[in-house]
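Topology and contacts: notes
Listed below, chain by chain, are the residues.
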There are 2 protein chains.
Amino acid sequence: MKFIHTSDWHIGRQLHNQSLLDDQRHVLAQIIELAKAHQVDAIVVAGDIYDRSVPPANAVALLDDVLNQVVNELGIPAILIAGNHDGHERLAFASRQMLSSGLHIIGPLSDTVRPIKLTSASGDALFYPLPYVEPATVGHVLDCDVSSHEEAMATLLEQVTEHDSQGLPKVVISHCFLDGGSESDSERPLSIGGADKIAPQLFNDFSYTALGHLHGPQYKGQPYIRYSGSILKYSFSEQHQHKSVTLVELDEVGEVNIELLPLTPLRDVRIIEGELAQLLADGVNDPQRDDYLMVRLSDKSAILDAMGKLRTVYPNVLHLERTGLMAQTEQLAIRSDHIKKGELAMFTDFFSQVAGEPMSEEQQQLMAELLDSLHKAEDCQ
Amino acid sequence: MKFIHTSDWHIGRQLHNQSLLDDQRHVLAQIIELAKAHQVDAIVVAGDIYDRSVPPANAVALLDDVLNQVVNELGIPAILIAGNHDGHERLAFASRQMLSSGLHIIGPLSDTVRPIKLTSASGDALFYPLPYVEPATVGHVLDCDVSSHEEAMATLLEQVTEHDSQGLPKVVISHCFLDGGSESDSERPLSIGGADKIAPQLFNDFSYTALGHLHGPQYKGQPYIRYSGSILKYSFSEQHQHKSVTLVELDEVGEVNIELLPLTPLRDVRIIEGELAQLLADGVNDPQRDDYLMVRLSDKSAILDAMGKLRTVYPNVLHLERTGLMAQTEQLAIRSDHIKKGELAMFTDFFSQVAGEPMSEEQQQLMAELLDSLHKAEDCQ
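Residue indices follow the written sequence of each chain, beginning from 1 at its first position. Here chains are named by letter from A upward and ligands by number from 1 upward, in the order in which they appear as written. Only residues with pLDDT of at least 70 get local features here, since the model is predicted, and only at 80 or more are side-chain atom pairs given and counted; chain-wide, interface and lining totals rely on the full set of residues. Hydrogens and water molecules were not included; the side-chain quantities draw on all heavy atoms of the structure.

1. Brief notes about the overall build of chain A
Numbering goes from the N terminus for both helices and strands, where a helix is a DSSP run of H or I of at least four residues and a strand is a run of E of at least two. Counting its secondary structure elements, chain A contains nine helices and 19 strands. Seen through its C-alpha atoms, chain A measures out along the principal axes to roughly 95 × 50 × 35 Å. Here the term buried applies to any residue with accessible area under 20% of the maximum for its type, exposed to any over 50%, and partly exposed to those in between, with areas from a 1.4 Å probe on protein chains only. Across the 381 residues that make up chain A, the buried fraction comes to 51%. Nonlocal contacts in chain A, meaning residues at least 24 apart in sequence, comprise 66% of its contacts between residues at least 6 apart. Total accessible area on chain A stands at roughly 17900 Å², and carbon and sulfur atoms take up 50% of it. Across chain A, the mean location of the 28 positive side-chain charges is 4 Å away from that of the 55 negative side-chain charges. Here a residue-residue contact requires only that any non-hydrogen atoms of the pair lie within 4.5 Å. Accessible surface area values rest on a Shrake-Rupley calculation with a 1.4 Å probe, where residue burial reflects the displayed protein chains alone. Here Asp and Glu are counted as negative and Lys and Arg as positive; His is not counted, and neither are the chain ends. Where a charge lies is defined by one atom per residue type: Lys uses NZ, Arg uses CZ, Asp uses CG and Glu uses CD.

Next comes the structure, spelled out in structure tokens:
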């Protein structure tokens, strides 16, 4: 049994108001190619299919197209669970009418876990899809008393443990936050204050756990308790991550072999830093100048329309930071006795705060002359 | 071949801010019972499945439940097309994965008409689903030049006419406005100024045309070119309509037999009229007092919290009109020379405008005394 584990597609997401739909289409096409090349028996998507509970129509059309290629054209079964970004009822509409096609979309939680048995030449396996749910929902649907994400998950996993798989390996699919997991800037916390954390040990006894939610690929506790990570960098904090899908091979006794299959984005997401002139000069020969960029300008002088100038070379600059003009935090405190100083002294203080270095003799001389001429002009009025 | 033709479910619609979801669930359950009782071979829904392109989640869940009962539990194929209220991409998500279950949802227009062949013991038929589309969309998708709804429909129907049905009857499913059709207050016009009108004759050569859009059941041109009408009264203008679904029986040569199967709403939509005291007295013994009501009060005097009083007897009064206090239009014109009149004369004019009859001698006397005492009170200040 060989399958691709992926998650956090977030179809319809924007990065700094830039639609990523073309980028998502590009990388989803790669996943389809990888599924074909590796002749997988299934594709598992562990939640956050869409970025919003009400996705835009073109996001719906893209997912429709991808699933059609996977399920109808390649004949590969697909299992998708709802994540915390998805609208559970909307995502799972008419899902019972899709089952015979091999498409399994699991939205709202049902009161009994319904495993999906997938078959392959190299052995069968049971997949237990657990859509993202609030603890209160677990309490309501299963009519039990749970107060935390961990208790809720433990209750759900009891059903998985107790289910008789007739010796077949058990694969759990879940969208949650495992204690100790590395976060990125692009995840929406499941709850405030750490109450969303779940001990990885809960999943120890299953052959593989396909997780979604965290956007960096990683495992927790055991190598077979794993986040595939998102398919794209959805924040600049992820600039150094390598996005991939996870190829999982299960043998008949549930031993697992894992390989990361890298994804190549249409445009990378990265941060560049330096003075404007240098960046513009470098950019002309940068084959990756179409990347989505955050630019940190170290110039200390004011620049008219820095964004416009940068975009003549780097068309997809999404965010600009003027690090050269930023005040160092420790110098920011304004002391009230500054008010009593003269104008020149106040200005030299201000200059050193925002520029990070004191005014030169020459600059001070220039400023003194400027103030003097301003005063004279005032006197004439 | 026997099928139910229905349309304009508008799931998720509200009537004067009142959710109709329970009413829709009630009447959709009747349709399922009718399908069972009449052992139909198919259910056809001719558009406006939902009321909005982004339906609320509980509307999605209701449709999901209804389709599951029809398609999975009863094994009856269902064909749904998008109407002008539906979001085409959203409605048709993963529809290719539903086909093998017998569920056919047609959202966006495709460049070639794709008939659906349904079989039955009493003969087969071909169904040609034409989702609602703007003329510009037809022009774009079919790469042709059409400027009106009628031209667009003629172009689409050419494909139907030319398609070789191998002698089987052709059933067209469409959501449009046929010239001469009777409108209700609850339809959203397809275009402004009558440019949406289509000659019924375009459909003459097909065995049956299952239409959606107009909310009153009716046929145009030929009895087999028919609107089933909506499943509920969606405005008070429909109070005298009898809602139904259409049972269509096609024989092997395409001769058609039509029967209207009435629907009974959970709560009727109607208008009652009279004086408050009488209505309250009548209501106590009204077995239909839970109906959705527009009340026209003929009382000529002011009534404190008329809505509150009515709702003690009729809990679902949705709209109140004070016909007794309404000015007759022809009396509404205010002439500027009224300003020059005295207060009493102005008030008698005002009274006759809003009450529809002149003040009595006694009323005028009372008003004169009141004005007099007001003036005296002013003088004392």
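2. Quick word on the state of the cysteines
All names here are of chain A. When two cysteine sulfur atoms are found within 2.5 Å, that pair is recorded as a disulfide. Within this structure, the stated rule accounts for zero disulfides over all chains. Here C144 stays free of any disulfide, with the sulfur of C176 as its closest cysteine sulfur at 17 Å. Taking the relative accessible area as the measure of exposure, C144 reaches 31% and is therefore partly exposed.

3. Considerations on the packing of aromatic side chains
Geometry of an aromatic ring pair is reported as the spacing of the ring centres plus the angle between the planes. Residue and element names in this part refer to chain A. Between the rings of Phe, Tyr and Trp (Trp by its six-membered ring), a pair exists once the centres lie within 6.5 Å; its type follows the angle of the planes, with under 30 degrees stacked, over 60 edge-to-face, and the other angles tilted. Counted according to the given criterion, the structure contains four aromatic pairs over all chains. A ring pair is formed by F3 and F127, whose centres lie 5.2 Å apart and whose planes are at 80°; its orientation type is edge-to-face. With F3 in strand β1 (residues 2-6) and F127 in strand β8 (residues 125-130), the pair connects residues that are 124 residues apart, well separated along the chain. For the pair F3 and F127, a shared accessibility class is recorded, and that class is buried.

4. Here we look at the interface of chain A and chain B
Counting residues at the interface gives 28 residues for chain A and 28 residues for chain B. What gets called buried area is simply the loss in accessible area from a 1.4 Å probe that two parts show on being joined, summed for both. Interface area, chain A with chain B, both sides summed: about 2200 Å², of which 55% is carbon and sulfur. It is F93, R96 and Q97 of chain A that lose the most area in chain A upon contact with chain B, and together they represent 35% of the buried surface on that side. The salt bridge definition used is simple: a Lys or Arg side-chain nitrogen within 4 Å of an Asp or Glu carboxyl oxygen. If you look at where chain A meets chain B, you find two salt bridges. The partner of D64 of chain A in a salt bridge is R96 of chain B, with the nearest N and O atoms 2.8 Å apart. A 3.5 Å cut-off defines polar contacts: any pair of N or O atoms within that distance qualifies, except that in protein one atom must be a possible hydrogen donor and the other a possible acceptor, and neighbouring residues in sequence count only when both atoms are side-chain atoms. Linking chain A with chain B are 17 residue pairs in polar contact (both at pLDDT 80 or more), by the criterion used here. Counting only elements with at least two residues in the side of chain A that touches chain B, the list comes to α2 (57-73), α3 (88-91) and β6 (103-106) of chain A. By residue number, the principal contributor to the side of chain A that touches chain B is α2 of chain A, which donates ten residues. Throughout, the ten residues Ala, Val, Leu, Ile, Met, Phe, Trp, Tyr, Cys and Pro are labelled nonpolar, Asp, Glu, Lys and Arg are labelled charged, and all others, Gly among them, are labelled polar. The residue makeup of the side of chain A that touches chain B, split by class, is 17 nonpolar, six polar and five charged.

5. A short note on the pairing of strand β9 (residues 170-175) of chain B
All names here are of chain B. In terms of residue burial, β9 counts as a mostly covered element, since six of its six residues are buried. Every second residue of β9 is oriented toward a common face, with K170, V172 and S174 on one face and V171, I173 and H175 on the other, all of them buried. Here five bridges tie strand β8 (residues 125-130) to β9, and the two strands are oriented parallel to one another. Across the sheet, L130 pairs through a bridge with S174, a residue of β9. Looking at chain direction, β9 and strand β12 (residues 208-212) are connected through five bridges and run parallel. Looking at β12, one finds that V171 is bridged to Y208. Following DSSP output, two strands are said to pair if at least two bridges run between them.

6. Remarks on the relation of the copies chain A and chain B
The copies are overlaid by a least-squares fit using only the C-alpha atoms of residues whose pLDDT is at least 70 in both copies. Superposition of chain A onto chain B requires a rotation of 180° combined with a translation of 0.1 Å along the rotation axis, giving an RMSD of 0.2 Å. Within this description, the copies of the chain are treated as partners about a two-fold rotation axis. Of the C-alpha atoms belonging to chain A, the one lying closest to the rotation axis is found on M98 of chain A, 2.4 Å away. Looking at the interface residues of chain A, 100% of them are also at the interface in chain B, so both copies use one shared face.

7. Quick word on the pattern of salt bridges
Counted under the stated rule, the structure contains 22 salt bridges over all chains. A salt bridge links R25 of chain A to D22 of chain A, with the shortest nitrogen-to-oxygen separation between them at 3.1 Å. One end of the pair, R25 of chain A, and the other, D22 of chain A, are both in helix α1 (residues 21-37), three residues apart, so they sit about a helical turn from each other. Taking the relative accessible area as the measure of exposure, D22 of chain A reaches 46% and is therefore partly exposed. The salt bridge involving E321 of chain B is made with R296 of chain B; its shortest N-O contact spans 3.0 Å. Here E321 of chain B is found in strand β19 (residues 317-321), whereas its partner R296 of chain B is found in strand β18 (residues 292-297), with 25 residues between them in sequence. Linked through salt bridges whose partners overlap, the residues forming this network are R270, D286 and D291 of chain A.

8. Let's talk about helix α6 (residues 276-284) of chain B
Residue and element names in this part refer to chain B. Restricting attention to buried positions, one finds in α6 the residues L276, L279 and G283. The arc enclosing the buried residues of α6, seen along the axis, measures out at 65°, which places them on a common side. Facing away from the buried side of α6 by over 90 degrees, the exposed positions are A277 and V284. Contact partners of the buried residues in α6: β17 (269-274), β18 and α7 (306-313). The arc in question is traced by the directions running from the helix axis to the C-beta atoms.

9. Observations concerning the pairing of β8 of chain A
Residues and elements named next belong to chain A. Among the six residues of β8, six are classified as buried, and the element is accordingly described as predominantly covered. Of the two faces of β8, both are covered, the one formed by A125, F127 and P129 as well as the one formed by L126, Y128 and L130. Two strands pair when backbone bridges link them, and strand β7 (residues 116-118) and β8 are joined in this way by three bridges, in the antiparallel orientation. Residue K117 lies in a different strand from β8, and its bridge partner there is L126. Hairpin connection, β7 to β8: the antiparallel pair is bridged by six residues, and G123 has positive phi, about 125°.

Distances and angles like these do not, on their own, reveal function.
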